[in-house]
Amino acid sequence: MIRNDFFCKKMIDFKKICGIVKVVIKMFEIERHEIILKKLEEKGRLSYEEIEEFLNVSIATIRRDITKLEGRDLLNKVSGGVVAKRKINFEPEINIKFEENIEAKKKIAKRAARLVKKGDFIFLDAGSTTYYMIEYLKNKNITVVTNGLMHLDKLIKCKIKTIIIGGEVKPTTKAVVGIEALKNIEKYRFDISFLGVNGVDINKGLMTPDIKEAILKEKILEISDTTYILADKEKFGMSSSVKFGNVENCILITDDFTDSRYNKYMLKEEI
């Protein structure tokens, strides 16, 4: 009897110890999650190697933590690491856009311009990346339709036949939008369209913070034989207020962003 009581007591003690260990592990997990999210807020993007370095835990533990955080919609997994869940509910002014990720945008623009063939009838969205395309479109004997007022001088200088969409001018981005722009655009059918985007998400789709721009982009997707979305890696994992299309309805052109979930939607061939 005494022996049984001894074993029962030991079993109870063991269970208590296990319970304490579980609580400690849980506390450590919460702390790790807080650290990951804080670092992600500071940097916007983290590799698994970086996380391993500042947490000093195994890659297996890190992957479990990341899966839990993604399940709570607190971050996005990408190839080799994670990016912050970010949301843009306002449109940055065009001069600010021209100061961001310049080299990446020029690289994307050059790739995109190589897709345009002699005689094409194309749409160029208002935006900094599409602006950088213009210098690579010279001598192609094409027609460009655009809603970007900032594109006009460059298009004229490059002697590219240009049609500007009429409508309401958006001061921050110098884009033409609104009902008149939509009516204007409906008459056209484009061989290729090149659109900018504020956010790209595999589940949420293609996003922008402005409903008027979203409606116009949605129409352009509808009336184009092929639509390319020009997005530097900072746009992936970013969300915004208004969806204008799905990732599967277009082809993505980006710089060095890698995430296997997007592979089948990316421009793959060397151009």
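Here we summarise the structure given alongside this text. Only a predicted model underlies this, so the values are computations on that prediction, with no experimental measurement involved. (Residues numbered from 1 in each chain as written. Predicted model: local features only at pLDDT ≥ 70, side-chain atom pairs only at ≥ 80, totals over all residues. Heavy atoms only, no water.)

If you trace the three strands from one edge of the open sheet to the other, you get β1-β3-β2, paired in antiparallel fashion. Unpaired on one side and paired on the other, β1 (45–47) and β2 (75–78) mark the two borders of the sheet. Each neighbouring strand pair of the sheet contributes to a mean axis angle of 25°, computed without reference to strand direction. Lying over the sheet, helix α2 (residues 48–55) contacts β1, β2 and β3 (81–84), oriented at roughly 80° with respect to β1. Against the sheet, helix α3 (residues 59–71) touches β2 and β3, its axis set at about 130° to β2. (Pairing = 2+ DSSP bridges. Helix = DSSP H or I, 4+ residues; strand = E, 2+ residues; numbered from the N terminus. Axes fitted to C-alpha atoms, helices over the stretch in contact; angles between N-to-C directions. Contact = heavy atoms within 4.5 Å.)

So, about the side chain of histidine 33. As for its position among the elements, histidine 33 is in helix α1 (residues 2–43). With residues up to four places along the chain from it excluded, the contact list for histidine 33 reads Asp65, Lys68, Leu69 and Arg72.

Attention shifts here to empty space enclosed by the protein. Summed over the entire model, instances satisfying the criterion amount to two cavities of 30 Å³ or more. For the second largest cavity, the calculated volume is near 30 Å³. Lining the second largest cavity, in full, are Asn76, Val78, Val83, Phe236, Gly237, Phe257, Asp259, Arg261 and Tyr262. Tallied by class, residues from the lining of the second largest cavity come to five nonpolar, two polar and two charged. (1 Å grid on protein atoms, 1.4 Å probe; cavity = no way out; pocket = protein on both sides within 12 Å on 5 of 7 lines; lining within 4 Å. Points joined across faces, edges and corners; volume = space filled by probe spheres on them. Nonpolar A, V, L, I, M, F, W, Y, C, P; charged D, E, K, R; others polar.)

Under the counting rule described, the total for this entry stands at seven aromatic pairs. Aromatic side chains phenylalanine 121 and tyrosine 188 sit 5.7 Å apart centroid to centroid with 50° between the ring planes, which places their arrangement in the tilted category. Pair noted here: phenylalanine 121 is in strand β5 (residues 121–124) and tyrosine 188 is in the loop between α8 (179–185) and β10 (190–195), with a separation of 67 residues, a long-range link. Aromatic side chains phenylalanine 121 and phenylalanine 190 sit 5.4 Å apart centroid to centroid with 15° between the ring planes, which places their arrangement in the stacked category. Of this pair, phenylalanine 121 sits in strand β5 while phenylalanine 190 sits in strand β10, and the two are 69 residues apart along the sequence. By relative accessible area, which is 0% here, phenylalanine 190 ends up buried. One aromatic cluster in this structure is built from Phe121, Phe123, Tyr188 and Phe190. In this structure, lysine 39 is placed above the aromatic ring of phenylalanine 54, and the distance from its NZ or CZ to the ring centre is 5.4 Å. One Lys or Arg, arginine 63, reaches over the ring of tyrosine 48 and ends 4.3 Å from the middle of that ring. (Phe/Tyr/Trp six-rings, centres within 6.5 Å; stacked < 30°, edge-to-face > 60°. Buried < 20%, exposed > 50% of the residue type's maximum accessible area, 1.4 Å probe, protein only. Lys NZ or Arg CZ within 6 Å of the ring centre and 35° of its normal.)

Right, let's get into α2. Every buried residue of α2 is listed here: Tyr48, Ile51 and Leu55. Each buried residue of α2 sits inside an arc of 60° when the element is viewed along its axis, so together they form one side. For α2, the exposed residues set more than 90 degrees away from the buried face come down to Glu49 and Glu53. Among the residues trailing α2, asparagine 56 stands out with phi positive, at a value near 60°. (Arc of directions from axis to C-beta.)

Owing to its 3.6 residues per turn, the α-helix aligns residues three or four sequence positions apart on the same side. In a regular helix each residue adds 1.5 Å, so 13 residues correspond to 18 Å; helix α9 (residues 211–223) covers 19 Å between its end C-alpha atoms and thus fits that length. If you check which residues of α9 are buried, you get Glu213, Ala214, Leu216, Lys217, Lys219, Ile220, Leu221 and Ile223. (Expected span 1.5 Å × (residues − 1).)

Turning to the pattern of salt bridges, a few remarks are in order. According to the stated counting rule, one finds ten salt bridges in the structure shown. Here glutamate 70 ties to arginine 261 by a salt bridge, and the two come within 4.0 Å at their closest N and O atoms. Of this pair, glutamate 70 sits in helix α3 while arginine 261 is found in the segment after β16 (251–253), placing the two residues 191 residues apart along the sequence. For glutamate 70, a relative accessible area of 24% corresponds to the partly exposed category. Classification of arginine 261 as partly exposed rests on a relative accessible area of 32%. The structure contains a network of salt bridges with shared partners spanning Glu70, Lys77 and Arg261. (Salt bridge = Lys/Arg side-chain N within 4 Å of Asp/Glu carboxyl O.)

With a phi angle near 60°, asparagine 56 is a residue other than glycine that sits in the positive phi range. Among the secondary structure elements, asparagine 56 is positioned in the loop between α2 and α3. Phi is positive for asparagine 141, close to 55°, though the residue is something other than glycine. Tracing the backbone through its elements, the reader meets asparagine 141 in the loop between α6 (128–133) and β6 (143–146).

A few words now on the packing of α2 against α3. The geometry of α2 relative to α3 is characterised by a closest axis approach of 10 Å and an angle of 110° between their N-to-C directions. Between α2 and α3, the crossing angle belongs to the class labelled roughly perpendicular. Facing Tyr48, Ile51 and Glu52 of α2, the residues of α3 in contact are Ile59, Ile62, Arg63 and Ile66. Within the contact of α2 with α3, the residues separate by chemical class into five nonpolar, no polar and two charged. (Parallel < 35°, antiparallel > 145°, perpendicular 65-115°, else oblique.)

Just distances and angles here, no functional claims.
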